[in-house]
Structure formats: C-alpha cells, structure tokens
Protein chains: 2
Amino acid sequence: MSEERTARRRGRGGSGARREARQRTTIHQLPAIIRRIPLTEVLSAEGLELIEANAETILAEIGIEFREDPEVVALWRDAGAEVDGARVRLPRGLARHILAAAPRRFTQHARNTERTVLIGGDTTVFAPVYGPPFVRDLDRGRRYATLEDFENFVKLAYMTPAMHHSGGTVCEPVDVAVNKRHLDMVASHILLSDKPFMGSVTHPERAADTLALARLVFGDDFVAENCVVVSLINANSPMVYDATMLGALKTYARAGQGCVVSPFILAGAMSPVTVAGTLAQLLAEAMAGMCVTQLVRPGAPVVFGTFASSISMQSGAPTFGTPEPTLVLLAAAQLARRLGVPFRSGGSLCAAKLPDAQAAYESAQTLLPTLLGGVNFVLHAAGWLEGGLVSSYEKFVMDADQLGMMQVLAAGIDLSENGQALDAIREVGPGAHFLGCAHTQDNFQTAFYRSAVADNNSFEQWEAEGGKDAAERANALWKKRLADYEAPAIDAGVAEAVRDYVARRKAEMPDAAV
Amino acid sequence: MSEERTARRRGRGGSGARREARQRTTIHQLPAIIRRIPLTEVLSAEGLELIEANAETILAEIGIEFREDPEVVALWRDAGAEVDGARVRLPRGLARHILAAAPRRFTQHARNTERTVLIGGDTTVFAPVYGPPFVRDLDRGRRYATLEDFENFVKLAYMTPAMHHSGGTVCEPVDVAVNKRHLDMVASHILLSDKPFMGSVTHPERAADTLALARLVFGDDFVAENCVVVSLINANSPMVYDATMLGALKTYARAGQGCVVSPFILAGAMSPVTVAGTLAQLLAEAMAGMCVTQLVRPGAPVVFGTFASSISMQSGAPTFGTPEPTLVLLAAAQLARRLGVPFRSGGSLCAAKLPDAQAAYESAQTLLPTLLGGVNFVLHAAGWLEGGLVSSYEKFVMDADQLGMMQVLAAGIDLSENGQALDAIREVGPGAHFLGCAHTQDNFQTAFYRSAVADNNSFEQWEAEGGKDAAERANALWKKRLADYEAPAIDAGVAEAVRDYVARRKAEMPDAAV
C-alpha cells in the first residue's frame, strides 16, 4: 500500500470525535526532516561491493546462530538455508533475495495524524535516548530512574519541536516490577504524548501487550493494516540472535509492525578492530535478522539498524564520538541504501559522565554525521549520557537544541529571489550595514536558528547574569518545560481503556524481577 | 614552479649544518591532512552558477571600494576596471580572468622541512586561534594576554601532533607596545616552533619586518623564490578593503608570499540575513581582494578566505556553530574549488564564555564541516573561545584532541586485507569475542583513535579519580605539555640574528599605541 493511500485510510481508524481530539495541537512541532542536501558518503561503489561480498562470505561460510528458537530455524531451512543446530548458513544471494520483499520506506502512524512519520528515503526521524537504568540532573545527581523520571522524559520529548518520536525505554522505571513496567511505559507514551512510539521487546507477551494497547488507541482494523509501533531488536553480536529478541521480532512482524534490527557492536570486542571488518559483520548480521521479519511476513516494515562504536583498547570501556564509528555510520548508511531498506544509527552518543565539553564534542561528532549520512531513524537523539547508562535531564535539553539545528541544516540553501538578496546588497552598498535594510526587516524573525541553550551575550552581560555554564542554563530550561507541559488531548474513552488494560494486566501477575 | 621542484630546491636555502639542525625532530608530529574521503557538498552546479552570476553582478554593478590606496586603484584601472574614486567596478569575467594566474595550490615552507605544508588541493592544514586580546584558564580566569601567554600558545601548538602550523597572533601580547609586538610574535614562532607561521598585517612596515626575519631564517635567495610566510588579509565587509590591509597585502604579494584574503562577515550585519546572499557577497569580496595579489605579482600564492558566521537578530551578538554558517562554509568551499584556488574557513569557533558544553557543541559543529567540506587552511583550529575574544588554555587542549580525530576521519576506510579482517571473523565465530584473537593482537595499538581528554572509564573509577569534568582534565594536560616542552633545534647563528634584529628594531622606535 502506498504511503498516500494509507494516509487517506488512516481517517477510518476511529470516530470523528476521537479523531478531532487526537488532532488537537497544543504545542509547536516540526515534521520529520526531509533532507534537501546531498549525502555525505565515504566509500566508493567498489568499496561497497567488497564489503557486501565479505558479508555474503560471512553468511555462507560462518553463518549466524538463531538460539533456542526452532521455529526460526525451521523458517530458514524452508527458505533454502543450510541448518546445523542453531547455526544457519545462507547461500550467497539468499538474504538479498528475501529482503527484496521489504519496503523501501514505511509510515509509522501516531495517534495525532500530524505526528505520523515516514521512515526511509530522504527522511530523518529523531527519537529520544533508549535504555538507561539511571538518570542524572544537576540538583539530585545520579540515581536509579523511576516511573516519574520516565514520564518526565516522555513529556520533554513531547515538548521538543525537533523530536519527531516519543521513543521507547527513555529510561528504565526500576521502581516498577520488571514484568510490569512495559505496561506503564507504553501507557505513558500513549497518554502523555501524541507522537509515534516504540514497543516492548523483553518478552513476546510484553510485545503482545504493546499491540493490545495500540489496538485500543488505533482500532483493531487499523492496526491490522498499518504500522503503529516500531521496536528495537538487537543482535547479540557477533553473529547471534537470542530467543527473547526473536520472540519479540516474530510477534511484531506477524502483526505487520516495524522492527529495527540492530547489531549492537563495540568494535574490538564484538567485531574486529577495523572499520571494514566491522562493516562486513554488521551487514551480515543485519541482513540475517531482517530476513526473519520477511520470512514471518513478507512486506513487514523493517529497518536496518546499527549501533556501532569502539572500545578503548587500554581499558575495554566503550568510546564515542571518535572517527572510526563515524566511518562505520556513514558507510553502513550507504550499504542500507543499496539494500533498499530504511536505516537506523547515530544519535547524540557520549562516554562522558557529566553534561560537559566531552559530552558535547562526542555527541556533536555523532549527530552531525547522522544527519549528513542520511540516517532515517535516530534513537538516542537526545538525553544520552555515560555510554547509555544515564538519561540526563540537562543533556536532553542541550541535545534537543542541536536537533533543531540539524533540521535547518538539512533544508539546505534557499536559492529563491528573497534568498539571493541581491536587492539588499544593492541597497546597503560598500561600508554600510545590513541591520536596518528592508530585506533584513522582512526576514530577521526567521533568518537564523535561535538556540535556546547557547549564551551569545557579551562577557559582561553573561557575568552579570550569574556566569552560568551551558548545563546550568539547561537545568532551568528542562524545569520550565516540565512546568509548562500540558498533556495532548485524547479521547476520554480511549484513555480509560488504556488505564483499565494496564490495571487489569498488572493485577493478573505477581511482581517478578525478570 | 611546481611543488616538486621547489621542494628539491629548498635544500639550497642554508648551510648543511643549519639544515640538519632545522630538521632535528624532537616530538611526534603528523603531516598535513590529505583527505581520502569524498567531499561533503550542499549546492548543485546550477546553484553554484547562480551564486557566481550574482557575485559578478555585485562586482559589475555595485563594485568594491579600495580606500585610501591610489596605487591599488590605478592597478585596477590599468586592468580594465571602471574606477570612480575608491569605488572599483569590474566588468563581468574580469576577476576570474585575473585569478587564472593564481596557483591552485602552493607550498609554504617551514624551517624544519618536515613541517613544510602544501596548501590547496586535497590537503587540510590546521593552525591555532588568531587574534584574541584575552586569555582564560581555570586557575587565573579571564585576563589580558601577555607575551608569556603568546609564547605558551606557540609552545602548545608545537606540542600538538595534529597542529600543522604555528599560526600568527595566537593571542595579542598586550604587555608589549603595539608597534613592537609583531617583532616578538614572529620571533617566538621562529624560535619556539619549527612549524610554518604567519606574518604581521597591521602595517606594511611590520610586514617588511616579518619578511626580514624570515630571510634571516631561510636565506634571501630562498625567500625570493618560495613562500615562507602566509598572512591574513581581512576585507572590511561589506565590499571595502582598507589601506592597512592593502598595504600588507601588497608587501607580501610583491615578495611572492602568501595572502589569505578573507571577507570577515557576520551575516545580518555585514551581509544579508540569507545564506545565498552572503555567499554571493563573500565571493565578490574574496575575488576582488585576491585579484589585487595577482595585479601586484601574477602567480603570487593566495588563498580564498572566509570567516562567515551570523548574529543573533535579538541582541546583535555573533553566534557560532549554527546551521547557517555551516551551509555558507560548505558552499563557499565549492565556490573556491570552481575558482581553482585554495580555501580557508572554519575552525573550532564558539560564542561560549567557558570551555563547557556550549563551547564543544559549537566548535564540533564548525570543525567537522571544515574537514568534510575540504577546507585547505584552517585558522582557529584550537583555543578559540568567546567569539574570538579569548584564547583558552583548556579549550586549546580539548580542540587539539578533536583535530587528531579529524586526521583519522580524513584517511577514510582501510580496505586492505588486514582492514577487511575476514580471518578474524572466521577465527572468532558466533557468540565469542574479539579481544584475544590474533588480528586484534596485531592491530590494537593503532586500531582506534585514543583521546587524551575524554574519560571513558566506568562511573565508579571516574568518581574515585575525583569526578573531574573535561575542562579540569584539560587543565592538567596543558600544564603537563608546557612542562614537557623542549624548544626545537635551531642554528645558533640564526637564533642570534633573529634576536638581534628584534632588539635593533625595538631600539629604533619609541613605544606607540597604534
């Protein structure tokens, strides 16, 4: 189904009143980025072919292990792979053949249709940090995350114009039992935001809960025909998929929902210490994992994901914002385009413990290549600190500011007559200034990106205002945004049904720690 | 003269002993970057042609003012321009015709031939911050710069492997009289470093002093035939060159020395509030200024410079690291390549008052496009703070770390058999790790860029080591580098001649404040 047709059919999903409530816009939001500038690439066609041939060699000679999932192994056998226990070897070309069924791009619907995003092609969708068990802010320092923190980050993402997606595990609400927290998380995304969101992957039953909640919002028929959830499926690199991830993958793929299949690689530990070696391995892993979605349901939406960084060869600790992961990111994006599937990577990654200069250098050195390389879906676009162990309130606000800049950069250069501004140059002439000229007056309000975080004042004024660093200014900003937060409109019946479902499911199970 | 021939002839510049002394290497240094990755570009050929046509319109209809310099105006008249007082209008095509004589690239020689750099083509040369009257460090805060600070920054640049150039006014030594400080600055570059350096431009006489000092080092004959100094000539945008800058430009161009002709533009004040308008104006200004070097001496080495950022339309304050200057930088680099001259722009620019997250975001958002866009000569590559008012010790060290990363990024992906690492993947197989495999053992020492500034340790270890932020770590690093500094070898006679020249010239003049 084309994007246009699904978009038109989307209207059938609920009653008129519900739809109207869903569409009420309370804050300024930006649409997903449509890149108007050329791509930054690092490998020639010859280099890409070499990597692709090596990935085929890995799949054919070494193979991938699909552990403790006989169903997936059987699917592979039926598809023509050579099976040896959990080890599956793919004849050259088989993976590419299977992936021909995958869509080049797909629409993920939000309950507010204005927030619906296209994933793939020339678009870039930003989603928040995913996974940290800790949070940090300037007032209370570093501590375990709670459901209140989770809700706060959902609210901050909702309040961020250039954040196109509500994400998934924006932090782990460790004050809720492991077997129940997915219910609170999905419900929070639905009730506190109207942006698209991600599903639980820690157990197939939790994936089923995610789908059940989505059906309450979008209606059964709509969910059956459209993607309303995308979920993160990590490989256990090198060359292993485990039963938990495969279980979630199958649940979502069968339901026609999106999977982001991501090798999680710290080069030097989970892959070779070289960029070209890492690329071949991650391509093999991503292709094999994505294929499973197509074996389960041909045409199911799937994203080629990579999370690839390096380790310090001295300490084994992960490092970020260094040149080797940038090369991996840019080349992997090229490989995904040649494969004809959407691509996920990048974000605002860092190893820093504080929202300091290290955090910012490393994040910018990841985020800018993310945009220039044409990444389609960007997890960890804001808030990531300490190698992903911490969701930082201050860093979320600082990163969010950078996302707004990426949105402007991607739009490229306005070559209209107004953009060319020749009359302004004629009017002003040599030695004068442009501050008061007609063209400046007409354009100044939208002329330049306005940072919410940066202080551009004189030293004297900055000092008079307390001499604050960026993190201190960000501290005030996130507090203001949470104070200003108003929940987006939602049909009262839908909200009640979501809350009832969560309460019922929680009551059905005793608390468990896994 | 080709680069190869000048390189061979370089040997004739001094006695064997002097040459040997000049070549003694005391610290690890990296050669100028040779970019192996494709360029990041933002405008199509059609867009570039539009900007070029608009620049010709500006030159032909509005013209450029060359103020208080009848000699330059006469040169223009002789070249076929239409002259009206200081205003010079260039018939379409004239500037490009004159610039056809300019070299596509040129060699700037250092007194240590290993530090000699090629400026233009696929190379990128990093030079330190230029111009700040203040310095800042964590211990003493913000204060006026002194000659001691100047010497310290020259030493830090010398100690930085990825800093290819010693730069010019790394800070203003305000404790030395304005009319004499250029002597101390040039002498410091010669005596405390062996990297290429920049000359004084504040008065034609000071440019002549720079050349006289260079002749003491390189020999008269060598300086007559080779570029041993490049100097920064700013336009007074919009569309004005003043007598001071033109005086220095003529002195250097006549001597066959390099000029970096740079419109200094804060868009919104010195140019239109649009990217396309700013591009047309800066192209017109740069072409007109560069032409003067060719009218004085056809073939003189010249660089198309731009310093282009924006202002806050609320306060008028300059802003950095925002998307509009990035677009200007990338497109201007394309324009310079079409013109066939080397290009200067970028650096590690920021408006931040402290070496904090704002400083780092803004600097990285400038530096990465600088590399990806193919900038050939990069002033302000390290140390810049507070819109260029401050040279920061801590930021110098943090930026220098980023320069090392750019050097690795520019080298691209190693596609050799060792780079492909297929045997390592075969050896390790599914579910194991790469830490101990033969390929990792063979490659780990050079595998990944090692940051000197970043802390990648666990939270617990970082906390046990004092919980320092990046600036605090950088503070310890610059102190250690200054403590470890050893002056590069120099022929004793040359050093004495340089010191004598400085002493004699200082004695000839009373102190003056201009």
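Residues numbered from 1 in each chain as written. Chains lettered and ligands numbered in written order. Predicted model: local features only at pLDDT ≥ 70, side-chain atom pairs only at ≥ 80, totals over all residues. Heavy atoms only, no water.

A. Main features of the overall build of chain A. Helix and strand counts for chain A come out as 20 helices and 20 strands. Here chain A has a C-alpha radius of gyration of 23 Å; the compact-globule value for 514 residues is 24 Å, and the two agree. Its C-alpha atoms give chain A principal-axis dimensions of roughly 75 × 55 × 50 Å. Expressed as a percentage of the 514 residues in chain A, the buried residues total 66%. For chain A, the accessible surface area stands at approximately 16,900 Å², while carbon and sulfur atoms represent 50% of it. Each charge sign in chain A was given a centre, from 50 positive and 59 negative side chains, and these centres are 5 Å apart. (Helix = DSSP H or I, 4+ residues; strand = E, 2+ residues; numbered from the N terminus. Rg over C-alpha atoms; globule rule 2.2 N^0.38 Å. Buried < 20%, exposed > 50% of the residue type's maximum accessible area, 1.4 Å probe, protein only. Areas by Shrake-Rupley, 256 points an atom, 1.4 Å probe, with all protein chains shown as cover. Lys, Arg positive; Asp, Glu negative; His and termini not counted. Charge placed at Lys NZ, Arg CZ, Asp CG, Glu CD.)

B. Up close: the packing of helix α3 (residues 45-62) of chain B against helix α11 (residues 275-296) of chain B. All names here are of chain B. Direction vectors running N to C along α3 and α11 enclose 60°, while the axes themselves pass 8 Å from each other. Classed by the angle they form, the pair α3 and α11 counts as oblique. Where α3 crosses over α11, the handedness of that crossing is right-handed. Contacts from I51, E52, N54, A55, E56, I58 and L59 in α3 reach A276, L279, A280, Q281, L283, A284, M287 and A288 in α11. Tallied by class, the residues present in the contact of α3 with α11 amount to eleven nonpolar, two polar and two charged. (Axes fitted to C-alpha atoms, helices over the stretch in contact; angles between N-to-C directions. Parallel < 35°, antiparallel > 145°, perpendicular 65-115°, else oblique. Left-handed = near helix turned anticlockwise from the far one by under 90°. Contact = heavy atoms within 4.5 Å. Nonpolar A, V, L, I, M, F, W, Y, C, P; charged D, E, K, R; others polar.)

C. Geometry of the interface of chain A and chain B. Listed by partner, the interface residues are 116 residues for chain A and 116 residues for chain B. Carbon and sulfur atoms make up 70% of the surface buried where chain A meets chain B, a total of about 9,200 Å² over both sides. For the interface between chain A and chain B, the tally reads four salt bridges. With eleven residues, helix α13 (residues 357-372) of chain A is the single largest residue contributor to the side of chain A that touches chain B. Split into classes, the residues belonging to the side of chain A that touches chain B amount to 60 nonpolar, 35 polar and 21 charged. (Buried area = accessible area lost by both parts, 1.4 Å probe. Salt bridge = Lys/Arg side-chain N within 4 Å of Asp/Glu carboxyl O.)

D. How the structure looks around the environment of E225 of chain A. Tracing the backbone through its elements, the reader meets E225 of chain A in helix α9 (residues 220-225). On a C-alpha basis, the gap between E225 of chain A and R35 of chain A in space is 28 Å, while along the polypeptide they are 190 residues apart.

E. A look at unusual backbone geometry. Residues and elements named next belong to chain A. With omega at 5°, the peptide bond leading from S237 into P238 counts as cis. Examined against the element boundaries, P238 turns out to sit in the loop between β11 (229-235) and β12 (240-241). Of note, the phi angle at H380 is positive, near 60°, even though the residue is not glycine. One can find H380 in the loop between β18 (377-378) and β19 (384-385). Residue H380 is classed as buried on the basis of its relative accessible area of 4%. Here A421, not a glycine, exhibits a phi torsion of approximately 60°, which is positive.

F. Examining the nonpolar core more closely. Counting residues in hydrophobic clusters, the biggest one holds 323 residues, and the most contacted among them are F66 and W76 of chain A together with F66 and W76 of chain B. Top contributing element to this core by residue count: α11 of chain B, with 15 residues. Residues within four places of F66 of chain A in sequence aside, it is in contact with V72, V73, W76, A86, V88, Y241, L246, A288 and V292 of chain A. If you look at the next biggest cluster of nonpolar residues, it comprises 21 residues, including L266, M270, F307 and W384 of chain B. (Core = buried A, V, L, I, M, F, W, Y, C linked by side-chain atoms within 4.5 Å.)

G. Representation of the relation of the copies chain A and chain B in the model. By a simple turn and slide, chain A fits onto chain B: the slide is 0.0 Å along the axis, the RMSD is 0.0 Å, and the turn is 180°. Here the transformation between the copies is reduced to the relation of a two-fold axis. Of the C-alpha atoms belonging to chain A, the one lying closest to the rotation axis is found on A357 of chain A, 2.1 Å away. (Least-squares fit on C-alpha atoms with pLDDT ≥ 70 in both.)

H. Up close: the sheet that holds strand β19 (residues 384-385) of chain B. Residue and element names in this part refer to chain B. Spatially, β9-β8-β20-β19 is the arrangement adopted by the four strands of the open sheet, whose pairing is mixed. Each of the sheet's edge strands pairs with one partner strand only, and the pair in question is β9 (141-144) and β19. Here strand β8 (residues 134-137) runs beside strand β20 (residues 390-392); their pairing, made up of three bridges, is parallel. For V135, the partnering residue across the bridge sits in β20 and is S391. (Pairing = 2+ DSSP bridges.)

I. Seen up close, the side chain of R89 of chain B. Residues and elements named next belong to chain B. Mapped onto the secondary structure, R89 falls in strand β4 (residues 87-89). One buried charged residue, R89, forms no salt bridge at all, with the nearest opposite charge on E82 at 4.1 Å. Side-chain polar atoms of R89 contact the backbone oxygen of E61, separated by 2.9 Å. R89 has contacts with L59, A60, E61, I62, G63, A81, E82 and D84, leaving out every residue within four places of it along the chain. (Polar contact = N/O pair within 3.5 Å; in protein donor to acceptor, adjacent residues only side chain to side chain.)

J. Helix α19 (residues 470-484) of chain B, seen in detail. Its 15 residues place the ends of α19 of chain B 21 Å apart at the C-alpha level, agreeing with the 21 Å of an ideal helix rising 1.5 Å per residue. All of the buried residues in α19 of chain B are A470, A471, R473, A474, N475, L477, W478, R481 and L482 of chain B. Against α13 of chain A together with β8, α6 (147-158), α14 (393-411) and α18 (459-464) of chain B lie the buried residues of α19 of chain B. Of the residues that open α19 of chain B, the one with a side-chain oxygen 3.1 Å from the backbone nitrogen of A471 of chain B is D469 of chain B. (Expected span 1.5 Å × (residues − 1).)

K. Quick peek at the pairing of strand β14 (residues 302-305) of chain B. Residues and elements named next belong to chain B. Because side chains alternate across β14, one face comprises the buried residues V302 and F304, and the other comprises V303 and G305, equally buried. One ladder, built from three bridges, connects strand β13 (residues 258-267) with β14; its direction is parallel. When the sheet's bridge partners are listed, C259 is paired in β14 with V302.

L. Broad picture of the packing of helix α4 (residues 70-79) of chain A against helix α11 (residues 275-296) of chain A. Residues and elements named next belong to chain A. The geometry of α4 relative to α11 is characterised by a closest axis approach of 10 Å and an angle of 85° between their N-to-C directions. Classified by the angle their axes make, α4 and α11 are roughly perpendicular. Here V72, L75, W76 and A79 of α4 come into contact with α11, specifically with A288, C291, V292, L295 and V296. When the residues that make up the contact of α4 with α11 are grouped by side-chain class, the tally is nine nonpolar, no polar and no charged.

M. Broad picture of the confidence of the model for chain A. Residues and elements named next belong to chain A. Looking at chain A, the pLDDT average stands at 94 and 95% of residues meet or exceed 70. Low confidence marks residues 1-25, where pLDDT is under 50. Its contacts with residues over four positions away, or in another chain, come to 46 contacts. The complex prediction reports pTM at 0.95, with the ipTM value standing at 0.94. (pLDDT = per-residue confidence, 0-100.)

N. Expanded view of the sheet that holds β4 of chain B. Residue and element names in this part refer to chain B. Here four strands make up an open sheet; going across it, the order is β3-β4-β2-β12 and the pairing mixed. Edge positions in the open sheet fall to β3 (82-84) and β12 (240-241), since each of these has one partner strand only. One ladder, built from three bridges, connects β3 with β4; its direction is antiparallel. Pairing of V83 across the sheet is with V88, part of β4. Relative to strand β2 (residues 64-66), α11 is tilted by about 35°, and along the sheet it contacts β2 and β12.

O. Quick look at the packing of aromatic side chains. For the structure shown, the criterion picks out 28 aromatic pairs over all chains. Plain terms: the ring middles of F218 of chain A and F222 of chain A are 6.1 Å apart, the flat faces sit at 15° to each other, and that makes the pair stacked. For the residue pair F218 of chain A and F222 of chain A, the accessibility class agrees, reading buried in each case. Centroid distance F307 of chain A to F320 of chain A: 6.2 Å. Interplanar angle 70°. Geometry classified as edge-to-face. Placement of the pair is F307 of chain A in strand β15 (residues 307-311) and F320 of chain A in the loop between β16 (318-319) and α12 (323-339), with a sequence separation of 13 residues. Exposure class is identical for F307 of chain A and F320 of chain A. Each is buried. Among the aromatic residues, those joined into a cluster by ring pairs are F153, Y393, F396 and W478 of chain A. Between the NZ or CZ atom of R142 of chain A and the centre of the ring of F459 of chain B, over which it lies, the distance is 3.8 Å. The ring centre of W478 of chain A lies 5.7 Å from the NZ or CZ of K479 of chain A, which sits over that ring. (Phe/Tyr/Trp six-rings, centres within 6.5 Å; stacked < 30°, edge-to-face > 60°. Lys NZ or Arg CZ within 6 Å of the ring centre and 35° of its normal.)

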